[in-house]
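Examination of the molecular architecture
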Amino acid sequence: MKIILNISFLLALSISQLSFADSNEDAMALIKKGDYSGALKIIQPIANKGDANAQAYLGMMYTRGLGVKQDYTEAFRWYTLASNQGEANAEYNLGLMNENGIGIKQNYAEALRLYGLAAAQGMPQAQDNLGLMYARGLGTTQDYSEAMRLHKLAADQGLAIAQFNVAFMYRNGHGVKQDYSEAVKWYQRAALQGDAPAQADLGMMSINGQGVSQDYAEGGRLLRLAAEQGYPTGQINLGVLYRIGKGVIKDETKALMWFKLAAATGHPQAIQRRDQLSSQLPPQVVAQAEKLAIECQQRNFKSCD
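Residues numbered from 1 in each chain as written. Predicted model: local features only at pLDDT ≥ 70, side-chain atom pairs only at ≥ 80, totals over all residues. Heavy atoms only, no water.

1. Remarks on the packing of helix α2 (residues 36–48) against helix α3 (residues 52–64)
Between α2 and α3, the least distance of the axes is 9 Å, while the angle of their chain directions is 140 degrees. In terms of their interaxial angle, α2 and α3 are classed as oblique. The two elements α2 and α3 meet at a crossing, and its hand is left-handed. Taking contact as the criterion, the partners of Tyr36, Leu40, Ile43, Gln44, Ile46 and Ala47 in α2 are, on α3, Ala54, Gln55, Tyr57, Leu58, Met61 and Tyr62. (Axes fitted to C-alpha atoms, helices over the stretch in contact; angles between N-to-C directions. Helix = DSSP H or I, 4+ residues; strand = E, 2+ residues; numbered from the N terminus. Parallel < 35°, antiparallel > 145°, perpendicular 65-115°, else oblique. Left-handed = near helix turned anticlockwise from the far one by under 90°. Contact = heavy atoms within 4.5 Å.)

2. A look at the state of the cysteines
Going through the model one piece at a time under the given rule, you end up with one disulfide. Disulfide pairing is shown between Cys296 and Cys304; the S-S distance is 1.9 Å. Between Cys296 and Cys304 the disulfide shows an S-S torsion of about 90 degrees. By sign, it is right-handed. (Disulfide = S-S within 2.5 Å.)

3. A look at the confidence of the model for the protein chain
In this model, the protein chain carries an average pLDDT of 92, and 92% of its residues clear a pLDDT of 70 or more. Confidence drops under a pLDDT of 50 for residues 1–9, and excluding neighbours within four residues, the segment shows 30 contacts in the predicted structure. Taken as a whole, residues 11–16 scores under 50 in pLDDT and shows 15 contacts with residues more than four places along the chain or in a different chain. (pLDDT = per-residue confidence, 0-100.)

4. Topic: the packing of aromatic side chains
Counted according to the given criterion, the structure contains three aromatic pairs. When the centroid spacing of 6.3 Å and the interplanar angle of 25 degrees are considered together, the rings of Phe164 and Phe168 count as stacked. Residue Phe164 and its partner Phe168 are both found in helix α9 (residues 160–172); the two are separated by four residues, about one turn of the helix. When its relative accessible area of 0% is taken as the criterion, Phe164 is described as buried. Joined through ring pairs, the aromatic side chains of Phe164, Phe168 and Tyr187 make up one cluster. In this structure, Arg77 packs its charged tip against the face of Trp78, placed 4.5 Å from the ring centre. Above the face of the Trp186 ring, Arg189 is positioned so that its terminal group lies 4.3 Å from the ring centre. (Phe/Tyr/Trp six-rings, centres within 6.5 Å; stacked < 30°, edge-to-face > 60°. Buried < 20%, exposed > 50% of the residue type's maximum accessible area, 1.4 Å probe, protein only. Lys NZ or Arg CZ within 6 Å of the ring centre and 35° of its normal.)

5. Looking at the packing of α3 against helix α4 (residues 72–83)
Two numbers describe how α3 lies on α4: the axes approach to 8 Å, and their chain directions differ by 160 degrees. What the angle tells us is that α3 and α4 run roughly antiparallel. Seen from above, α3 lies across α4 with left-handed handedness. Of α4, the residues touching α3 (which contributes Ala52, Gln55, Ala56, Leu58, Gly59, Met60, Tyr62 and Thr63) are Tyr72, Glu74, Ala75, Trp78, Tyr79, Leu81 and Ala82. Tallied by class, the residues present in the contact of α3 with α4 amount to eleven nonpolar, three polar and one charged. (Nonpolar A, V, L, I, M, F, W, Y, C, P; charged D, E, K, R; others polar.)

6. Some remarks on the pattern of salt bridges
Scanning the entire structure with this criterion turns up ten salt bridges. Between Lys152 and Asp156 there is a salt bridge, with the nearest N and O atoms lying 3.2 Å from each other. The class of Lys152 is partly exposed, set by a relative accessible area of 28%. (Salt bridge = Lys/Arg side-chain N within 4 Å of Asp/Glu carboxyl O.)

7. What to know about the nonpolar core
Counting residues in each nonpolar core, the largest one holds 40 residues, and the members touching the most others are Tyr92, Tyr115, Leu130 and Tyr187. Of all the elements in the fold, those that place two or more residues in this core are α5 (88–100), α6 (108–120), α7 (124–136), α8 (144–155), α9, α10 (180–192) and α11 (196–208). If you tally residues by element for this core, the top one is α9, at nine residues. Excluding its chain neighbours within four sequence positions, the residues that come into contact with Leu130 are Leu112, Tyr115, Gly116, Ala119 and Leu150. Membership of the second largest hydrophobic core comes to 32 residues, among which are Ala200, Leu238, Leu277 and Val286. (Core = buried A, V, L, I, M, F, W, Y, C linked by side-chain atoms within 4.5 Å.)

Encoded structure:
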């Protein structure tokens, strides 16, 4: 069974969120220029005085090594100070550190608690990650209904990954009655935001005629959008279309090219398909596919076919 996608990231506070003290404009100007060392000189004293927003931002700087040497211990300290004051971004980032064991021992129960605090403040990323923990039973009893409720809260705020997760749960009947039409609706919302997994899944629903009329051409278009973002599942399935000639003109060289690109990520299915097709094609065709794959990668997967 496919695992619900979870893209974990350490949230960088946006410049507009820097509301601390009178030095705000100076700090923002330096951050815009990428002068994090200069910004640090302004932010550090404000954080030392107890400003939660500054503490959270300083934690992010230590997490990413912006203007300072990367130091998860320091990041954890500053996030904790901000979190103790109820700063949602710090709560979320501490949740990520606990969930993934970044700089500290992995602790699902603590991650669940921290995500819950940030989610209660309406942060969509925290709501979505909390939903994932309920879906997987991490730090709590598995509860698809609660997971769906949380994903929906985040999806309604426009978070693409949450829209993907809502779609996935409708498609598979997790926490709700299976409903392909609802799945398509939510996949479309995420796909329009450029979410590659949503584009790939929506493409397969078009190919399979799930929730929409079967349309190989539309499926191929969506898979290509995902493939051009380097998403291996999109690349594999686009390669399959080229191999069978559905929605695109049959071209086994291009099929092998996409299999090779996906296989470069270590994806087991891509490796299997690459090796299988390579063994069936003449050496010169395999060599041409390799050449195309290298050129495609150099173009960052754009205009490859």
